[in-house]
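Here is how the chains run, residue by residue.
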Amino acid sequence: MKKLCTYMYLTGALVLLPHRVFADGVHPAAPAKLTGGTYVFLLFASLLALLAVLLLVRRGKKANNRLLRAGMWLAFAGLVLTGTANAAGVWQSKVDLSIDHIHGMGFSADGERLLLAAHDGLRVYSGGSWSEGNGNKHDYMGFSMTDSGFYASGHPVPGSGLKDPLGLVHSGDEGKSLHMLEFYGEIDFHLVAAGYGSHRIYVYNPAPQAKLKGIGLYYTDNDGQEWAKSRLPGIGGELSAIAVHPEQRDTLAIGTTTGLYLSADGGNTAVAALSGTQITSLAYGRDGTLYAGTYSSGKAGLIRIAGNGGGEATGGVQPAGVKLPLLERDAVAYVAVNPVNTKELAFASFNLQLYRSVDGGAEWKHIGEAGKLQ
């Protein structure tokens, strides 16, 4: 009986005690704060250990031993119940999911989760509620989702041990690990766009350096090993957004402060699809439909361009307006399309209003207000 009780205690302690979680492949995440449930768990574990010691010391006194064994069973039951509650998150305090910046958004490949790149890590919307994302709270810039995970740039969270800036990174597990592709510790790209299926990556280089000789738009087909520069002739205004067709790597949408341009050859030539309006955001759906956020005369808009959003641009495009909820002194900062169900859309505004639609924009549901996600 004593051996059984000792085995129970050791097994429970090993299985149910919290384990350290590692992020970024190499660097450990900060240790989690102890919750009330952890303290209760440790109390039951200590009680079980104390009773086991007393049972060994007071061997031969049968009446007392029966009471000690009964106490051990009760302590072990409390240990199991508390550990199970801890694993289920019952004891966890409510996490503050408020945000003060958004640097990108996109759906997971299975269409089940909407990921938001905030100033301090990822936020995830799934099943009607928000939660914290995986990994450390890095400040991801140029966040771009694909079928293999996300590409991004930005800055590491202080204390992570990573170089600043991140350069160009990729994560295939929603932030649990990061793969440093190129320019690690050298460049922070604010504009990054990756083809959902093609994985061609476009970046806007803000300053000349050894590998990217000049300022401008560059692209790579091998995760940053080799780069080519887009000529971008006849583009008016300052670059504000870029998006890549999910499969046609040369089909590119370019947004500026004065209009929307479409290219079928990787940005080496382009035609104007919209003029006289500021483009605030761009995103392609898996079916090739292009969505563009606009801002003109103090009014926000969202347009849809069917087809491949660029391949037939020389023949003219017919943008269609998408009904938006009321946005006062605001505009669409980021828009995302579900890769599994292209009728599901989401957008984030500059004033941190978040909306989701499951019918192509006919109706919108408010899922975040002024940065408050719960």
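Structure: see above.
Residues numbered from 1 in each chain as written. Predicted model: local features only at pLDDT ≥ 70, side-chain atom pairs only at ≥ 80, totals over all residues. Heavy atoms only, no water.

Visitor: Kindly report on the overall build of the chain, identifying the contributing residues and their values.
Guide: Secondary structure summary: the chain contains three helices and 24 strands in total. Counting all 374 residues of the chain, 49% fall into the buried class. Considering only contacts in the chain between residues 6 or more positions apart, those separated by 24 or more positions represent 43%. (Helix = DSSP H or I, 4+ residues; strand = E, 2+ residues; numbered from the N terminus. Buried < 20%, exposed > 50% of the residue type's maximum accessible area, 1.4 Å probe, protein only. Contact = heavy atoms within 4.5 Å.)

Visitor: Talk me through the packing of aromatic side chains; I want residue IDs and the actual numbers.
Guide: In this structure the tally under the stated criterion is eight aromatic pairs. Geometrically, the ring pair formed by F183 and F189 is edge-to-face, given 5.6 Å between the ring centres and 75° between the ring planes. F189 shares its class with F183; the two are buried. Between Y202 and Y219, the ring centres sit 5.4 Å apart and the planes meet at 45°, which makes this aromatic pair tilted. (Phe/Tyr/Trp six-rings, centres within 6.5 Å; stacked < 30°, edge-to-face > 60°.)

Visitor: Tell me about the pairing of strand β6 (residues 149–155), and name the residues and values.
Guide: Within β6, six of the seven residues are buried, which leaves it mostly tucked inside the rest of the structure. Here strand β5 (residues 139–146) pairs with β6 via six bridges, running antiparallel. If you follow M145 over to β6, its bridge partner there is F150. Here β5 hands over to β6 after two residues, the two strands then running antiparallel side by side. Where β6 meets strand β7 (residues 168–171), three bridges bridge the pair, whose relative direction is antiparallel. Residue pairing in the sheet places Y151 in a bridge with H170 of β7. (Pairing = 2+ DSSP bridges.)

Visitor: Describe the sheet that holds strand β10 (residues 201–205), and please don't skip the residues or the numbers.
Guide: In any sheet, the strands associate via hydrogen bonds between backbone groups, in a parallel or an antiparallel arrangement. Taken in spatial order, the four strands make up an open sheet running β9-β10-β11-β12, and their pairing is antiparallel. Edge positions in the open sheet fall to β9 (192–194) and β12 (228–229), since each of these has one partner strand only.

Visitor: Could you give an account of the environment of G128, with specific residues and numbers?
Guide: Positionally, G128 belongs in the loop between β3 (121–126) and β4 (129–132). Along the sequence, G128 and I367 sit 239 residues apart, while their C-alpha atoms lie 8.2 Å from each other.

Visitor: Describe the nonpolar core, listing the residues and the values that go with them.
Guide: Judged by nonpolar contacts, the single largest core of 17 residues is most densely connected at I102, M105, L114, L116, W130, L354 and L373. Elements with a contribution of two residues or more to this core: β1 (102–107), β2 (114–118) and β22 (345–349). Look past the residues within four positions of W130 in its chain and what remains in contact with it is L97, L114, L116, R123, V124, Y125, L354, I367 and L373. Of all hydrophobic cores here, the second largest spans 15 residues; its members include A283, V322, L327 and A331. (Core = buried A, V, L, I, M, F, W, Y, C linked by side-chain atoms within 4.5 Å.)

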